[in-house]
Amino acid sequence: MYIILHQIGIFLSFSKYVLVFLGCIVEGPIVMMTSGFLLRTGQFNFWPLYFCLVGGDFVADIGWYFVGRYAARKMLFKIGGFFGITPEIVEKIEHRFRKHQDKILFISKITMGFGFALATLLVAGILRVPFKRYVFLNLFGGFIWTAFLITVGYFFGNVYTLLSGPFKILFIAVIICGGILSLRAINKYLIKKDI
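All of these numbers come straight from a predicted model, not from anything done at the bench.

Student: Honestly, the side chain of Asp61 in this entry has me stumped. Any pointers?
Tutor: As for its placement among the helices and strands, Asp61 is situated in helix H3 (residues 46-70). Residue classification places Asp61 among the buried residues on the basis of a relative accessible area of 7%. When residues no more than four places from it in sequence are discounted, the contact partners of Asp61 are Lys109, Leu121, Tyr134 and Asn138.

Student: Whenever I open this one, the packing of helix H5 (residues 87-111) against helix H7 (residues 131-162) confuses me. Can you help?
Tutor: In a packed pair of helices, the relevant descriptors are the angle between the two axes and the axis-to-axis distance. Two elements in contact, H5 and H7, have axes whose closest approach is 8 Å; the angle formed by their N-to-C orientations is 30°. Classified by the angle their axes make, H5 and H7 are roughly parallel. The hand of the H5/H7 crossing is right-handed. Seen from H5, the contacting residues are Asp102, Leu105, Phe106, Lys109, Ile110 and Thr111; seen from H7, they are Arg133, Tyr134, Leu137, Asn138, Phe140, Gly141, Gly142, Ile144 and Trp145. Here the contact of H5 with H7 is composed, by residue class, of eight nonpolar, four polar and three charged.

Student: Can you help me understand the packing of H3 against H7 in this one?
Tutor: Here H3 crosses H7 at 140°, and the two axes come no closer than 9 Å. In terms of orientation, H3 and H7 fall into the oblique class. Between H3 and H7 the crossing geometry is right-handed. Along the contact surface, H3 presents Phe46, Tyr50, Phe51, Leu53, Val54, Phe58, Asp61, Ile62, Tyr65 and Phe66, while H7 presents Phe131, Tyr134, Val135, Asn138, Leu139, Gly142, Phe143, Ile144, Thr146, Ala147 and Ile150. Of the residues that constitute the contact of H3 with H7, the class distribution is 17 nonpolar, three polar and one charged.

Student: Please explain the confidence of the model for the protein as it appears in this structure.
Tutor: Keep in mind that low pLDDT regions are not for reading the predicted coordinates in detail. Per-residue pLDDT for the protein has a mean of 82; in total, 85% of the residues score no lower than 70. Element-level mean pLDDT values for the protein span from 69 in helix H4 (residues 73-80) up to 93 in H3.

Student: What is the right way to look at the side chain of Ser35 in this model?
Tutor: Tracing the sequence through the fold places Ser35 in helix H2 (residues 28-40). The exposure class assigned to Ser35 is buried, which follows from its relative accessible area of 3%. If we ignore the near neighbours within four places in the chain, the residues touching Ser35 are Val20, Phe44, Leu49 and Leu53.

Student: Before we go on, may I ask you to explain the nonpolar core in this structure?
Tutor: Nonpolar side chains tend toward joint burial in soluble globular proteins. Ile85, Ile93, Phe97, Leu105, Ala124, Val129 and Tyr134 are the most contacted members of the largest nonpolar core, which has 20 residues in total. Mapped onto this core, the elements with two or more residues apiece are H3, H5, helix H6 (117-126) and H7. Judged by nonpolar contacts, the second largest core, of 15 residues, contains Tyr17, Cys24, Leu39 and Trp145.

Student: Hey, could you run me through the pattern of salt bridges in this one?
Tutor: Here the idea is simple: oppositely charged side chains can pair when their charged atoms come close. Applying the stated criterion across every chain yields a total of three salt bridges. Lys109 is the partner of Asp57 in a salt bridge, and the nearest nitrogen-oxygen pair spans 2.3 Å. Residue Asp57 is located in helix H3, and its partner Lys109 is located in helix H5; the two are separated by 52 residues in the primary sequence. The partner of Asp102 in a salt bridge is Arg133, and the shortest N-O contact between them spans 2.7 Å. Here the residue Asp102 occupies a position in helix H5, and Arg133 occupies one in helix H7, the gap between them amounting to 31 residues. Look at the salt bridges and you will find they share partners, linking Asp57, Asp61 and Lys109 into a network.

Student: I'm lost on a nonpolar patch on the surface in this one. Help?
Tutor: Taken together, the side chains of Phe46, Trp47, Phe51 and Phe143 present a nonpolar region at the surface, about 410 Å² in accessible area. Looking at the nonpolar patch, the element that brings in the most residues is H3, giving three residues. Along the polypeptide, Phe143 turns up in helix H7.

Student: Please clarify how the environment of Arg96 should be interpreted in this entry.
Tutor: Turning to its location among the elements, Arg96 is positioned in helix H5. Each residue touching Arg96, except ones within four places of it in the same chain, is listed here: Gln101 and Ile104.

Reading the values: the criteria
Residues numbered from 1 in each chain as written. Predicted model: local features only at pLDDT ≥ 70, side-chain atom pairs only at ≥ 80, totals over all residues. Heavy atoms only, no water. Helix = DSSP H or I, 4+ residues; strand = E, 2+ residues; numbered from the N terminus. Buried < 20%, exposed > 50% of the residue type's maximum accessible area, 1.4 Å probe, protein only. Contact = heavy atoms within 4.5 Å. Axes fitted to C-alpha atoms, helices over the stretch in contact; angles between N-to-C directions. Parallel < 35°, antiparallel > 145°, perpendicular 65-115°, else oblique. Left-handed = near helix turned anticlockwise from the far one by under 90°. Nonpolar A, V, L, I, M, F, W, Y, C, P; charged D, E, K, R; others polar. pLDDT = per-residue confidence, 0-100. Core = buried A, V, L, I, M, F, W, Y, C linked by side-chain atoms within 4.5 Å. Salt bridge = Lys/Arg side-chain N within 4 Å of Asp/Glu carboxyl O. Patch = residues over 30% accessible without salt bridge, like charges linked within 9 Å, V, L, I, M, F, W, Y side chains within 5 Å. Areas by Shrake-Rupley, 256 points an atom, 1.4 Å probe, with all protein chains shown as cover.

Structure below.
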């Protein structure tokens, strides 16, 4: 049994950066903050972690760009509701895109799109924003956004290391509940304001 646990430990120590990269493709912001927390507790080295997070997030964004570029608009509107993307949202973003394409891509990247990040990435593909320009703006914003979220996670990791015993568990529970409530409040605000 000890040998099996030891082998699992070795596998995880070598593959943790790969797992972070893959996790960031699926859910970037949460993985970035969690990684910052784990960085503070000594589980990662900064530079490999940072580049894996930026890379995973970048791969996901490139994927959504190509879905927007090559998927028919009909298909987008059929499945868009599943992701919260309505024809009205797409039209609103298209109109703004035509006027302020570079600003929108950059600001969307460093703010999670104010709730419309996925729609923004898809519309960039639909409107065939030049790929080199898209890559440059996405990476530039990605480096800033990733650094910010790692810093937030690192701060919480710093607080965590100062606590002892049951307070650590309480701290984690409060952070999780606070995060869920914050996301719900932001979502309600955005829907109410119809941004």
